[in-house]
Amino acid sequence: MSDPLAAERARFRESMARLGAAVTIVTTSTPEGDVGMTVSAVTSVTDEPPTLLVCINRASRQYEAFRQSGVFCVNVLSHNDEALSPVFAGRDNLPMSARFAQARWLRLATGAPALESATAALDCKVTQTLDVGTHTVFFGQVQAIHLHAQSSGLVYHGRAYHRLAPAAG
């Protein structure tokens, strides 16, 4: 007998694969070291005060670091940084230090790593969390922003990466 809820979950996941999203690496800093992961569930909430939300699965190995640190940085990848996405998604199972060694990082207001080459790095302090299903939604008020020179953006759609042309002007 098939599980109708499993079928609906599969259809939901397929639907979400068709929803294009910016490719981001979300980072934090802990006393044990820097932690980061590729996250697709990131969005703005409001610009007064500037606030983002990030959704992280509570089953993730990195979850506790984000829950305990109280800070995070959303690093929006350019097409030049595409190779970092699978690394921070854990596909090569590298230790965190080896993941971070593959790029140059800055420290902004909170101390969470900001990718130097990111099209935008938004450094946030957690102001609220909300558990929903398997995930925790972290709301973060932006404390600092690093903008890199205009470059092509990177989105994930249909289970593939796609380059976006830079805006004219």
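Residues numbered from 1 in each chain as written. Predicted model: local features only at pLDDT ≥ 70, side-chain atom pairs only at ≥ 80, totals over all residues. Heavy atoms only, no water.

Visitor: Account for the environment of Phe88, with residues named and values stated.
Guide: Looking at the element boundaries, Phe88 is found in helix H3 (residues 84-88). Note on Phe88: relative accessible area 1%, which makes it buried. Residues Phe88 and Glu116, spaced 28 residues apart in sequence, show a C-alpha to C-alpha distance of 16 Å. Sequence-distant contacts of Phe88, defined by excluding residues within four places in its chain, comprise Ile25, Gly36, Met37, Thr38, Arg99, Phe100 and Trp105. (Helix = DSSP H or I, 4+ residues; strand = E, 2+ residues; numbered from the N terminus. Buried < 20%, exposed > 50% of the residue type's maximum accessible area, 1.4 Å probe, protein only. Contact = heavy atoms within 4.5 Å.)

Visitor: Quick rundown of the pattern of salt bridges? Include the residues and the values.
Guide: All told, the structure shown has five salt bridges when counted by the stated rule. Notably, a salt bridge pairs Arg11 with Glu8, separated by 4.0 Å at the nearest N-O pair. Of the two residues, Arg11 and Glu8 both sit in helix H1 (residues 4-17), three residues apart, roughly one turn of that helix. (Salt bridge = Lys/Arg side-chain N within 4 Å of Asp/Glu carboxyl O.)

Visitor: So what's going on with the sheet that holds strand S12 (residues 160-164)? Which residues, and what values?
Guide: Judged by pairing direction, the sheet is antiparallel, and its three strands sit side by side in the order S1-S11-S12 without closing on themselves. Since the sheet does not close on itself, it has two edges, and those belong to strand S1 (21-22) and S12, each with one partner. (Pairing = 2+ DSSP bridges.)

Visitor: How would you explain unusual backbone geometry if you had to name every residue and give the values?
Guide: Residue Glu48 is joined to Pro49 through a cis peptide bond whose omega torsion reads -5°. For Pro49, the position within the fold is in the loop between strand S4 (42-47) and strand S5 (50-57). Even without glycine at this site, Asn93 takes up a positive phi of about 55°. Locating Asn93 in the fold gives a position in the loop between H3 and helix H4 (96-100). By relative accessible area, Asn93 is classed as exposed at 53%. Even without glycine at this site, Arg159 takes up a positive phi of about 60°. Residue classification places Arg159 among the partly exposed positions, given a relative accessible area of 49%.

Visitor: Can you lay out the nonpolar core for me, pointing to particular residues and giving the numbers?
Guide: Nonpolar side chains tend toward joint burial in soluble globular proteins. Judged by nonpolar contacts, the single largest core of 30 residues is most densely connected at Val26, Val54, Ile56, Phe66, Phe72, Phe88 and Phe138. A per-element tally of this core places strand S9 (residues 120-132) first, with four residues. Apart from the residues lying within four places of it in its own chain, the contact partners of Val26 are Val35, Gly36, Met37, Val39, Val42, Val54, Phe66, Phe72, Cys73 and Val74. If you look at the next biggest cluster of nonpolar residues, it comprises five residues, including Val71, Cys73, Ala114 and Ala121. (Core = buried A, V, L, I, M, F, W, Y, C linked by side-chain atoms within 4.5 Å.)

Visitor: Which residues make up the side chain of Thr136, and what are the values?
Guide: Positionally, Thr136 belongs in strand S10 (residues 135-147). On the basis of relative accessibility, which here comes to 1%, the residue Thr136 falls in the buried class. Only 3.0 Å separates the side chain of Thr136 from the side chain of Tyr63, close enough to count as a polar contact. In this view, Thr136 contacts Val54, Cys55, Ile56, Arg58, Tyr63, Thr129, Leu130 and Asp131; residues no more than four positions away in its chain are not counted. (Polar contact = N/O pair within 3.5 Å; in protein donor to acceptor, adjacent residues only side chain to side chain.)

Visitor: Provide a residue-level description of the state of the cysteines, including the pertinent values.
Guide: Under the counting rule described, the total for this entry stands at zero disulfides. With no disulfide of its own, Cys73 lies closest to Cys124 among cysteine sulfurs, the gap being 7.0 Å. Note on Cys73: relative accessible area 0%, which makes it buried. (Disulfide = S-S within 2.5 Å.)

Visitor: Residues and numbers for the environment of Arg91, please.
Guide: Note that Arg91 resides in the loop between H3 and H4. Sequence-distant contacts of Arg91, defined by excluding residues within four places in its chain, comprise Pro86 and Tyr161.

Visitor: How would you summarise the pairing of S4 if you had to cite specific residues and measurements?
Guide: Bridge count for S4 against S5 is five bridges, and the pairing is antiparallel. Residue pairing across strands places Asp47 opposite Pro50, the latter belonging to S5.

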